[in-house]
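Spelled out, the chains give:
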Amino acid sequence: MIPLQLSAYTLTTALGRGLEATREALHAERSALAPCAFESVTLDTWVGEVEGVDAQHLPEALARYGCRNNRLTLMGLETDGFAQRVREAVARYGADRVGVFLGTSTAGILQTELAYRRRDPVSGALPDDFHYRTTHNAFSLAEFTRDYFGLEGMAMAISTACSSSAKVFAAAARQLALGQIDAAIVGGVDTLCLTTLYGFASLQLTSSRPCRPYDAARDGISIGEGAAFALLERPDQPVPGTVLLLGAGESSDAYHMSAPHPQGLGARLAMEAALRSAGLGASDIDYINLHGTATPANDSAEGQAVSALFGDTVPGNSTKGYMGHTLGAAGAIEAIICAMALTDGRLPGSPGTGALDPAIPIRYQLNGADAPLRHALSNSFGFGGSNCSLVLGIAE
């Protein structure tokens, strides 16, 4: 892969809005998970809810996109000066040369759930003010983002469960390499909804306490929500300290509808492909942001794959104990956390994890620590064996 520059990036999660709020929480190793009090949900579980989403208003001209997911999308775009950097890119390249590549799992499902409560009691028809295309539809956040910036070029949404917003980096990189675009908005947004919360609970995958990735007593996920975005461009001469996307690897093991391959076969294939794409070896990686959902099967499978490829020499951990598993937004959020680790020269911690599982022989980083970092690997693995790993580096 030709290295691509992350010219700007931002994230908004339960930890707070923007890079500085996230940095402060990461350094303090403070989790934002709390007992679930979302909407009408009555489940004994913990979630990572973003504050202020319902108070976010969309521009009147884009009111048709009104749903929780697109409100969080706008919050994210207008954080850390990201929207201004996009507008500067549009001015440089033209409205038809900036692409949009966004990942989501839930999109605006909550809007459909709310609409079903208002069905016509006789016919069962949904209310006239419900618009599937601009809310529930997975493409709605990409279309909203394109319309918000007045873009005229390609736009796509990827929905491959929890690998969604990692795979957008790879999709955008291919189009940049082909010359179809000159810059790309990449990222992901997912928001809490009843379908997700009750669905994962029905699969017996949610925990009744804050998630504990790679802990010997881990017993399930804590669902979160969030938004993360990056602006990808081809660098003429990267400024030292700039974060670069160096490689991306994808695989589809299709082992089971919801369970990973027991030995993490697909995970290993994705990591190996990412290293090849970046022209690096396993020994070149300084930090791994693990997918680490805190389910027994997921962490075991990923741990076996990481151990087989890296042994116990490379520090890695899951940061889902901070803000929960943000599903379709996790790939982008954790890529930005890797970018922050590289620029700050600091490994993040893993709140919630206590006694590590002795059956997983990897170098798990429990607490944050300063460290010189040049290359980081970020893993995102979704239901059905849809896997993606990204390699990021720091320009020198």
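Everything discussed here concerns the structure shown above.
Residues numbered from 1 in each chain as written. Predicted model: local features only at pLDDT ≥ 70, side-chain atom pairs only at ≥ 80, totals over all residues. Heavy atoms only, no water.

### A short note on the nonpolar core
At step 1: Judged by nonpolar contacts, the single largest core of 49 residues is most densely connected at Leu6, Phe169, Val186, Leu232, Ile336 and Leu390.
At step 2: If we ignore the near neighbours within four places in the chain, the residues touching Ile336 are Leu6, Tyr9, Thr10, Leu11, Leu19, Ala228, Phe229 and Ala230.
At step 3: Within the second largest apolar cluster, 31 residues are counted, among which are Ala8, Leu62, Met75 and Leu77. (Core = buried A, V, L, I, M, F, W, Y, C linked by side-chain atoms within 4.5 Å. Buried < 20%, exposed > 50% of the residue type's maximum accessible area, 1.4 Å probe, protein only. Contact = heavy atoms within 4.5 Å.)

### Here's the deal with helix α5 (residues 140-148)
At step 1: Judged by how many residues are buried, α5 sits mostly within the fold: seven of nine residues are covered.
At step 2: Inspection of α5 places Ser140, Leu141, Ala142, Glu143, Phe144, Thr145 and Tyr148 among the buried residues, and these make up the whole buried set.
At step 3: For α5, the elements touching its buried residues are α2 (68-77), α3 (82-93), β5 (98-103), β6 (155-158) and β7 (183-190).
At step 4: Note on α5: the residue one or two positions beyond its end, Gly150, has a positive phi of about 65°. (Helix = DSSP H or I, 4+ residues; strand = E, 2+ residues; numbered from the N terminus.)

### Description of the pattern of salt bridges
At step 1: Taken as a whole and judged by the stated rule, the model has 25 salt bridges.
At step 2: Ionic pairing is found between Glu250 and Arg174, a salt bridge with its closest N-O pair at 2.9 Å. On the criterion of sequence distance, the pair formed by Glu250 in strand β10 (residues 243-252) and Arg174 in helix α6 (residues 164-178) is long-range, its members being 76 residues apart.
At step 3: Looking at Arg174, the relative accessible area reads 43%, which means it is partly exposed.
At step 4: Here Arg346 ties to Asp370 by a salt bridge, and the two come within 3.0 Å at their closest N and O atoms. Residue Arg346 is found in strand β13 (residues 346-347), and its partner Asp370 is found in strand β14 (residues 369-370); the two are separated by 24 residues along the sequence.
At step 5: Bridged by salt links that share partners, the residues Glu49, Asp54, Arg68, Arg71 and Glu225 form one connected network. (Salt bridge = Lys/Arg side-chain N within 4 Å of Asp/Glu carboxyl O.)

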